[in-house]
Number of protein chains: 4
Amino acid sequence: MTRLIRHDPSGGQPTYTFGGHQPVAEVKPGDVLVTTTEDCFGGAVRTVDDLPTLVCQAFNPVVGPFHVVGAEPGDTLALHFADLTPARDWGMSATFPHFGALTSTHTTATLQPPLEERVWRYDIDVEAGIVRYHARRSDFTVDLPLDPMLGTVGVAPAGGEARSTIVPDAHGGNLDTPELRAGTTVYLGVNVPGALFAFGDGHARQGQGEVCGVAVETAMRVTVAVELIKGVTTPWPRIETDDRLISIGAARPLEDAYRISQHDLVTWTVGLTGLELLDAYQLVSQAGLAAPGNVCDPNYTMHASIDKAILSGAPAYQGTHQRLRELAGSLR
Amino acid sequence: MTRLIRHDPSGGQPTYTFGGHQPVAEVKPGDVLVTTTEDCFGGAVRTVDDLPTLVCQAFNPVVGPFHVVGAEPGDTLALHFADLTPARDWGMSATFPHFGALTSTHTTATLQPPLEERVWRYDIDVEAGIVRYHARRSDFTVDLPLDPMLGTVGVAPAGGEARSTIVPDAHGGNLDTPELRAGTTVYLGVNVPGALFAFGDGHARQGQGEVCGVAVETAMRVTVAVELIKGVTTPWPRIETDDRLISIGAARPLEDAYRISQHDLVTWTVGLTGLELLDAYQLVSQAGLAAPGNVCDPNYTMHASIDKAILSGAPAYQGTHQRLRELAGSLR
Amino acid sequence: MTRLIRHDPSGGQPTYTFGGHQPVAEVKPGDVLVTTTEDCFGGAVRTVDDLPTLVCQAFNPVVGPFHVVGAEPGDTLALHFADLTPARDWGMSATFPHFGALTSTHTTATLQPPLEERVWRYDIDVEAGIVRYHARRSDFTVDLPLDPMLGTVGVAPAGGEARSTIVPDAHGGNLDTPELRAGTTVYLGVNVPGALFAFGDGHARQGQGEVCGVAVETAMRVTVAVELIKGVTTPWPRIETDDRLISIGAARPLEDAYRISQHDLVTWTVGLTGLELLDAYQLVSQAGLAAPGNVCDPNYTMHASIDKAILSGAPAYQGTHQRLRELAGSLR
Amino acid sequence: MTRLIRHDPSGGQPTYTFGGHQPVAEVKPGDVLVTTTEDCFGGAVRTVDDLPTLVCQAFNPVVGPFHVVGAEPGDTLALHFADLTPARDWGMSATFPHFGALTSTHTTATLQPPLEERVWRYDIDVEAGIVRYHARRSDFTVDLPLDPMLGTVGVAPAGGEARSTIVPDAHGGNLDTPELRAGTTVYLGVNVPGALFAFGDGHARQGQGEVCGVAVETAMRVTVAVELIKGVTTPWPRIETDDRLISIGAARPLEDAYRISQHDLVTWTVGLTGLELLDAYQLVSQAGLAAPGNVCDPNYTMHASIDKAILSGAPAYQGTHQRLRELAGSLR
C-alpha cells in the first residue's frame, strides 16, 4: 500500500553535501514523496541586481537526505520523478566569475580577468509552457519552451566521503542533465545503509552543456516515487524514460565522461540482450545518442542513450520504471 | 544559369589529404555537382572476413579536390548537399585495432592488447529507409533507420598544410557528424585560391560520437550545389538546416571541441541578432543543443546548435541556404 | 619552548578520508610531532603473492587528523618534514587492475581486460641509500637511489567535504609528488578550525608521474615541525626547500594541473618580488621547472618551481621554512 | 670519410611546413652539416616595440629540408647536435594574443579578451653563459643560465601530410623541449624517401612547459652530424644524451603526451634489456623522470627519461650516439 509522504523542508538546515548528514526523514520502498526544493541560490537571487557572489553564502542546497528503509550497499535505488513543476513564476540565471565553459576557471586557470557577473530574470508560465528570456543590454525577448528538470539528485557516496552538491560523480549529485525530467526513473547504486538520497537544483530549462554554468534556476515542486532493487548494483547513474535507456558518466576530461557513459550503455545492453560484448559495442556505435549534461561543474557529465525498442530483450531492472509510472499515475 | 556537372571519379587516383593536390575539376558558384564517393575502406571490405588491416592500404579516400572559380582566402564556401543516397545495398563496419573511444589508442597509449578486429555487414534498404544490423556472435538482428550522411567534407587548409582525410579541423575534413545530412548547407572558410574542396566517407548512419570508430560505411551518390560568399570569413565549419544553425568545433580534449562550437555559436548569434556578447552567451546557454560527432578521430568534434526561430534576426549568410535549397529543388 | 610529541598510531582506527573525523591528538604551533605511518596497503602486502585486491579492504590509511591549536579558516599551516626514514627494510609495489597511466581505468573506460595484477618486493637499505629492484619474470636486478617521501599530506577540505585519501586537491591529500622529501616545508590553506592535518603513504622512491600507479610503498618514521601563519591564505599546496619554491596543482586533464601550478607560482612571484603580473609570467616562463607528481590518481598533480635566488625579494611566508629548519635541527 | 657541409640559408625561401617542400640540399649518412637558423620571428622582432602580430607574416621558419641519401620509410634518422651557439647577443620573448598556457586560446576558447601583447628583450652573453631578463614594468633584472636548444627538429610526416612548423607530432616538429641541447642525438622515424629533415626555432633557454608560449628566441649556429639506421623504426621522437634515454610524446590532452612518452620508454626498455613488459613498466615507474616540453603548441609535449646506467643492456641504436659524438669531436 502506497504511502504519500509530504516533506516540508522549511525550517530545516540547508544541506550542501551528499554524505556527512543525518537523514531528515525515512521513506520505505513504494512510498511517494512530495516536497519542494529551493533554487541553487537558496532563493537569494530575485532581481537582476542581486549578484550571486554578494547575496549568497553557499550554493546548491538540496532537500534531504532521506533514509530508505532496507537499503544496503550493493542495492540500487530507483527514484521515479512523477512530477516536477516550477514553484515560482520566475527563474534566475547568471554569469558567475570564473565558472562556466567559455571562461577560464579555478582549474583551467589563466591570467585573464573574469567575465562580468551579470544576472538574468526569466518569466515562467507553467500553463503556457513558456520560459521568457529578456536581454540585459537590449530589449530583445524570446519565449523558450518550459522543460523542467532537476539538476541535482544523488545518494551518499562510497568510502566515507562527503561531496559538495556542486559535484557530480558515481553517486549522482550535480548531474545537470536535461534528461532528468518528470516521467523518468533515476537509478543510483546504494553506498551506505539507507542510501541517504537528496535532490534539488530545479531548472525551468537548460541548454545541453549548460555552457555559461547556470541554467534557468527555480524552486520546484517534486513528486517522487521510491523503489529499491535488492542485490543489483548500478555503477553509474542511469535514467529510464518510457522510450529510452540512458547512462551517465561524470569525469574530466569530457571524453572520459563520454567513455564512462558509452561503456555503461554497452555493458547494460549486454546484460539486457545477451549480445556478446563487441556485438553490443557495434550496435550502440550505430544506434546510440550522446550529449553533454554540463561542461562546467567539477566533473563534466555526458549521457549515452538507446531506444528501448532496439533492445528487444528483458525490461531494465525487472520493469521497475513501468511499475513506478503506474504507481505514480494511480495517485493523481 | 545553373550548370549540372557530372564527375566520374573512377580511373582517378584516390585522394587521402586535404591540400597537396591539383584539382580534378573546376566548378563555378551556382553549379550543381553530381558524383559518387567510395566508402572509407575504398570498397575493399565487402564481407565479414575482410579485415581492414589486411585488405586496405589507406583509409578514407575523398573525391576532389574541386577548384571553385573565384574563391579566395577570406571568402566562405557554401556546399548544399541536395541529395545523399547510398550507392549500394550494403554497408560495412568494424572494430579497428587501437582505434575508437572504448579502447586505448595510438595516443591514449596503454600496455593492453587491442580489442579483436571484427567486421559487421549491414543490409541497406533505401526504399524502406532501413539499415539492418546482424550480430556476429548470435542471431540477433535489428532494423535501424537509414540516415545517410557524409563523414568527410573540407577544403585545403591554411598555411600550406596538407592534412590526412582522417583528421577534422578548422578546414573541415573528417567531421563525422550525423548532422551533415541531405538538405543541409555546409559553410567552410576558404584558405587557398579555388578553395579546393573534397568530400567522401559516406555513412548509412552513425551513432553520436561514433564510439567504436567506424560507422555504417558505404558508397554514396552525392548531389551538391556550390555557392561562394565573397568577403565573409567562417572560422570553423558550420551547417545550416531548414530549422537550425549548427557550429562545429574540432579539438582535443573533447571540452575544447565543445568550447569552440559554443563560442562560434555565441558570436554567430551576436552577428545575426545584434545581441550584446554576454546576452548571447546567456541565450545560447538556455536554448542551445550540443552533441558529439566523433570521439575517435585525431581531433574530436562536437556541434552546438540553435533553432533559427529563436534568432529572429537576419538570415545567415544572406539567405544562402534558402537559395541553394530552391536551386537544388528546381533540378529535380 | 618546543614540545616534542610522540604519537603512536597503533591501536587506533585507520583513517581513509580528509575531513569527517575527530582529531586523534592536539598540537600547538611550534610543536614537533614524531610518529610512524603505514604503507598504502596498511602493511597487508608483504610478499609477491599478496595481491592487493585480495588482501586489502581499503587503501591509503593516514595518521591523524591532528588538531592545530588556534588554526582557523584563512590561515596557512606549515609542516616542516624534518625527517622521513623508511621503517622497514622492504617496500612493495604492484600493478593494480584498471589503475595507473598505461592502462584503461574506471573513468578512462575501455572494453579491454585489465593488465595482470602483479606485485614487486624491493629491498630497502637505509644506510647504503639504496632501493633494490627485482624483476619478476627474469633475474634482472638493479639498485636505485633511496629517496624517501610522503605521498599523502593534507588538511580537512572546505565546504564540509570529506575526501578519500586517494584524492589530491586544493586541501593537499594524495599529491604523490617526489618533491615532498625530508627537509621541505609544506604549506596548506586551513579550511576548518584546527586545520585537522594528516599524512601517510610513504614511498622509498617513485618516478615522476608514478606511471604504474604505485610507488615503492613502505612504512615511514616521520618527524614534522608544525607552524601556523595567521591571516595568510594559501590557495593550493606549496612546498619550500632550501633552494626552491614549489607550487602544486591537482586536476584533470593534466594541463589543468599544469595551469594551476604555474598560475600559483606566477602570482606567488608577484607577491614576493613586486613584479607586475605579465613580467612575472615572463620570468617564470623562462626560469621555471615543471614535472608531474602523479598521472594516475583521481586528480593528476604537477608542480611548478623556481630557484629562490632568482626571486631576490622577501622570503616566503616571512621565513617560516628557515625557522622550522633551525627548530628541527636543534632537536637532533 | 666525414664531409663537412656548410649550408647558407640566406637568399632561400623560408620554410614553414614539414613536408610539401623540395630539398634545399643533399647530405649523406656520416656528413656533418653546419648552418644557421633564424628565430621564430624570422628576425623581425628586435625591440620591445616590435609586436609580433604587427611585424610578422608567419612564424617559425626552419632551415631545410635536407635530403638524406638512402633514407627510406622504415629507417631511423639520427641527428647529433654537436654544437648550438646563439648567433646574436640578444633574444626576444613575448606574450602573444590567445597563445600560451595561462590564457584562453583558439581552441580553449573563452569570451575573455586576450592578455596584453608585450615583448621582452634579453641580453645573451655566450662567454659568460648568461641570459639577462629585464622586467618591462619595473627595473628588476636577473641573470639566468644560458642553456641553448632547438625548439623545432623534424622530418616530413607520413601519409602525404604537410604540417605547420608550429606543430609537434610523431614526425618531430615543434617539440619545444629543453632536452634538445648540444651534445644530444635525436632519433626520428623516416616517413618518405630522403627523410627531408629540417630544424630551427633556437632558444637561448626556456622553462619547462614554455608557459607563456614563447621562449628566449634567438638565431642559432648549428653543427649537426647525420646518421641513418637502416631497417629500424622509431615510432616517436627520441633523444639520447651521454647519460639518459629520452622518449617524447606529442598530443592533447597533456596526459596523452605523458602516456605516449612513458609507453615508448617502457617498450624501448624492453627492447634494450629483454625485461618482460610489466617488469619494464615497474622499473620505469620507479626510476623514470618526466617533464613537459611545451604546454602551448597545437600538440603538447612531454618527455620520459631513464638513466642509461640502470639499463645495463645493449646500447641504444647500436651505439649511434657514441659514434656520432666521437665523429663530431674529431672535427673540432
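Fair warning: this is a prediction, and the values are worked out from it, not measured in the lab. (Residues numbered from 1 in each chain as written. Chains lettered and ligands numbered in written order. Predicted model: local features only at pLDDT ≥ 70, side-chain atom pairs only at ≥ 80, totals over all residues. Heavy atoms only, no water.)

Chemist: Looking at this structure, I do not really get the overall build of chain A. What am I missing?
Modeler: Tallying secondary structure elements over chain A gives 4 helices and 21 strands in all. Computed over its C-alpha atoms, the radius of gyration of chain A comes to 19 Å, within 12% of the 20 Å expected for a compact globule of 332 residues. C-alpha atoms of chain A, sized along the principal axes, occupy 55 × 45 × 40 Å. Burial statistics for chain A: of 332 residues in total, 64% are counted as buried. Taking as baseline every contact in chain A between residues at least 6 positions apart, the subset at least 24 positions apart corresponds to 77%. (Helix = DSSP H or I, 4+ residues; strand = E, 2+ residues; numbered from the N terminus. Rg over C-alpha atoms; globule rule 2.2 N^0.38 Å. Buried < 20%, exposed > 50% of the residue type's maximum accessible area, 1.4 Å probe, protein only. Contact = heavy atoms within 4.5 Å.)

Chemist: Sorry, what's going on with the interface of chain B and chain A here?
Modeler: Chain B puts 63 residues into the contact, and the matching count from chain A is 63 residues. Taking both sides of the interface into account, the surface hidden between chain B and chain A amounts to around 5000 Å²; carbon and sulfur atoms contribute 61%. Ionic pairing is found between R118 of chain A and D279 of chain B, a salt bridge with its closest N-O pair at 3.1 Å. For the side of chain B that touches chain A, the elements supplying multiple residues, two or more each, are β7 (90–95), β8 (118–125), β10 (141–145), α2 (254–273), α3 (277–287), β20 (289–292) and β21 (300–307) of chain B. At 10 residues, α3 of chain B tops the list of elements feeding residues into the side of chain B that touches chain A. (Buried area = accessible area lost by both parts, 1.4 Å probe. Salt bridge = Lys/Arg side-chain N within 4 Å of Asp/Glu carboxyl O.)

Chemist: It is not clear to me how the packing of helix α2 (residues 254–273) of chain C against helix α2 (residues 254–273) of chain D should be interpreted in this structure. Could you clarify?
Modeler: Where α2 of chain C contacts α2 of chain D, the axes come no closer than 6 Å and their chain directions differ by 110°. Our classification of the angle between α2 of chain C and α2 of chain D gives roughly perpendicular. Residues L254, E255 and Y258 of chain C of α2 of chain C form the contact with α2 of chain D, whose own contacting residues are L254, E255 and Y258 of chain D. Looking at the contact of α2 of chain C with α2 of chain D, its residues break down into 4 nonpolar, no polar and 2 charged. (Axes fitted to C-alpha atoms, helices over the stretch in contact; angles between N-to-C directions. Parallel < 35°, antiparallel > 145°, perpendicular 65-115°, else oblique. Nonpolar A, V, L, I, M, F, W, Y, C, P; charged D, E, K, R; others polar.)

Chemist: Would you mind going over α2 of chain D with me for this structure?
Modeler: Side chains of residues three or four places apart in an α-helix project in the same direction, reflecting 3.6 residues per turn. Residues and elements named next belong to chain D. The terminal C-alpha atoms of α2 lie 28 Å apart, and with 20 residues this matches the ideal 28 Å at 1.5 Å per residue to within 8%. Across the 20 residues that make up α2, a large majority, 15, are buried. Of the residues flanking the end of α2, it is G274, one or two places downstream, whose phi is positive at about 80°. (Expected span 1.5 Å × (residues − 1).)

Chemist: Would you take a moment to explain the relation of the copies chain D and chain A for this structure?
Modeler: Between the two chain copies there is a screw-like relation: a rotation about an axis and a shift along it. Each copy of the sequence occupies a distinct position, and chain D is placed on chain A by a rotation of 180° and an axial shift of 0.0 Å, giving an RMSD of 0.0 Å. Here the transformation between the copies is reduced to the relation of a two-fold axis. Both copies present the same face, since 100% of the interface residues in chain D are matched by interface residues at the equivalent positions in chain A. (Least-squares fit on C-alpha atoms with pLDDT ≥ 70 in both.)

Chemist: So what exactly am I meant to see when it comes to a negative patch on the surface here?
Modeler: A cluster of like negative charges, contributed by D89, D123, D125 and E127 of chain A, occupies part of the molecular surface. With respect to the secondary-structure elements, D123 of chain A resides in strand β8 (residues 118–125). (Patch = residues over 30% accessible without salt bridge, like charges linked within 9 Å, V, L, I, M, F, W, Y side chains within 5 Å. Areas by Shrake-Rupley, 256 points an atom, 1.4 Å probe, with all protein chains shown as cover. Lys, Arg positive; Asp, Glu negative; His and termini not counted. Charge placed at Lys NZ, Arg CZ, Asp CG, Glu CD.)

Chemist: Can you walk me through the pattern of salt bridges in this structure?
Modeler: Close approach of charged atoms lets side chains of opposite charge pair. In this structure the tally under the stated criterion is 76 salt bridges over all chains. For R118 of chain C, the salt bridge goes to E116 of chain C, with nearest N and O atoms at 3.0 Å. Between D75 of chain D and K230 of chain D there is a salt bridge; the shortest N-O distance is 2.6 Å. You can see D75 of chain D sitting in the loop between β5 (62–68) and β6 (76–86) and its partner K230 of chain D sitting in the loop between β17 (220–229) and β18 (238–240), a full 155 residues away along the chain. Look at D75 of chain D and you get buried, because its relative accessible area is 5%. Taking the relative accessible area as the measure of exposure, K230 of chain D reaches 43% and is therefore partly exposed. Through salt bridges with shared partners, a single ionic network connects E161, R163 and D169 of chain A together with E161, R163 and D169 of chain C.

Chemist: What am I meant to see in the sheet that holds strand β4 (residues 32–37) of chain A here?
Modeler: The strands making up a sheet associate through hydrogen bonds between their backbones, and the pairing can be parallel or antiparallel. Residues and elements named next belong to chain A. In space, the 9 strands of this open sheet follow the order β1-β4-β17-β6-β15-β18-β19-β21-β20, with mixed pairing throughout. Sheet topology places β1 (4–6) and β20 (289–292) at the edges, where each strand pairs with a single neighbour. Here the strands of the sheet are splayed against their neighbours by 25° on average, with no regard to which way each runs. Of the pairings in the sheet, the one linking strand β6 (residues 76–86) to strand β15 (residues 184–189) comprises 6 bridges and is antiparallel in character. By the bridge assignment, L79 is partnered in β15 with V186. (Pairing = 2+ DSSP bridges.)

Chemist: Honestly, the pairing of strand β19 (residues 244–251) of chain C in this entry has me stumped. Any pointers?
Modeler: Where a strand is regular, its side chains alternate between the two sheet faces. Residue and element names in this part refer to chain C. The buried fraction of β19 amounts to 8 of the 8 residues, a majority that puts the element mostly inside the structure. Where burial is concerned, the two faces of β19 agree: the one with R244, I246, I248 and A250 and the one with L245, S247, G249 and A251 are both buried. Relative to β19, strand β18 (residues 238–240) runs antiparallel, the two sharing 3 bridges. Considered in β19, the bridge of E240 is made with L245. Here β18 hands over to β19 after 3 residues, the two strands then running antiparallel side by side. Pairing of β19 with strand β21 (residues 300–307), which is carried by 8 bridges, proceeds in the antiparallel orientation.

Chemist: Mind showing me how you'd approach the relation of the copies chain B and chain A here?
Modeler: At an RMSD of 0.0 Å, chain B and chain A line up after a rotation of 180° and a shift of 0.0 Å along the axis. Looking at chain B, 100% of its interface residues are interface residues in chain A too, so the copies touch through the same face.

Chemist: Any chance you could explain the sheet that holds strand β7 (residues 90–95) of chain C here in plain terms?
Modeler: Spatially, β7-β8-β9-β10 (chain C) is the arrangement adopted by the 4 strands of the open sheet, whose pairing is antiparallel. The open sheet has two edge strands with one neighbour each: β7 and β10 (141–145) of chain C. Within this sheet the neighbouring strands show an average axis-to-axis angle of 30°, counted without direction. As paired strands, strand β8 (residues 118–125) of chain C and strand β9 (residues 130–134) of chain C are joined by 3 bridges and run antiparallel to one another. Residue D125 of chain C lies in a different strand from β9 of chain C, and its bridge partner there is I130 of chain C. Taken strand by strand, helix α3 (residues 277–287) of chain D contacts β7, β8, β9 and β10 of chain C, and its axis lies near 40° from that of β8 of chain C.

Shape is all these values report; function is a separate question.
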